[in-house]
Amino acid sequence: MGKPAMAEFRMIPGNPKPATFKGQPLLMASALVAVQKDGSRVFLRYFPTGEIEQWSQRERRWRLLGTCVPTRTRYSSAPLCRDGAIQLLAE
C-alpha cells in the first residue's frame, strides 16, 4: 500500500505560457497536490493576493475556498482567513 505524499511547485516569471488570474498574468503562484488515505488527490493553488482555490473534478474547474494571509505568532503559524478556516470540497 502506498504512503501519503505531497508535492509543491512554483510557477515563476519567464514561463513561455504564464498562468493567469482574473485575466492578468501571474508573477508567481504556488500549487499543492496531496494524496489522501483513500488514494484520491486534492489539487490546491494559492495566489499572492491570498485566494486559495481547489480543483473540482466534478465541475472541471477551480473553486475558490477562501482568502487568507499568512501569519506567524508565538503560538501558531496557521493562516488567517477572511471567513474563518477554509474547508476542502467534499467530492
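Residues numbered from 1 in each chain as written. Predicted model: local features only at pLDDT ≥ 70, side-chain atom pairs only at ≥ 80, totals over all residues. Heavy atoms only, no water.

Help me out: how do you make sense of the overall build of the protein in this one?
Within the protein, the regular secondary structure consists of 0 helices and 8 strands. In the protein, the succession of α and β elements from N to C terminus is β-β-β-β-β-β-β-β. Looking at the 91 residues of the protein, the share that counts as buried comes to 23%. A fraction of 24% describes how many contacts in the protein between residues 6 or more apart in sequence connect residues 24 or more apart. Of the roughly 7300 Å² of accessible surface on the protein, 57% is carried by carbon and sulfur atoms. (Helix = DSSP H or I, 4+ residues; strand = E, 2+ residues; numbered from the N terminus. Buried < 20%, exposed > 50% of the residue type's maximum accessible area, 1.4 Å probe, protein only. Contact = heavy atoms within 4.5 Å. Areas by Shrake-Rupley, 256 points an atom, 1.4 Å probe, with all protein chains shown as cover.)

Before we go on, may I ask you to explain the packing of aromatic side chains in this structure?
For any two aromatic rings, the description comes down to two numbers: the centre-to-centre distance and the angle of the planes. All told, the structure shown has 1 aromatic pair when counted by the stated rule. Aromatic side chains Trp55 and Trp62 sit 5.4 Å apart centroid to centroid with 70° between the ring planes, which places their arrangement in the edge-to-face category. (Phe/Tyr/Trp six-rings, centres within 6.5 Å; stacked < 30°, edge-to-face > 60°.)

Hey, could you run me through unusual backbone geometry in this one?
With the exception of glycine, the majority of residues adopt a negative phi angle, and the majority of peptide bonds are in the trans configuration. Of note in this structure, Arg60 is not a glycine but carries a positive phi near 60°. Counting through the fold element by element, Arg60 comes out in the loop between strand E6 (51-56) and strand E7 (61-69). Residue classification places Arg60 among the exposed positions, given a relative accessible area of 55%.

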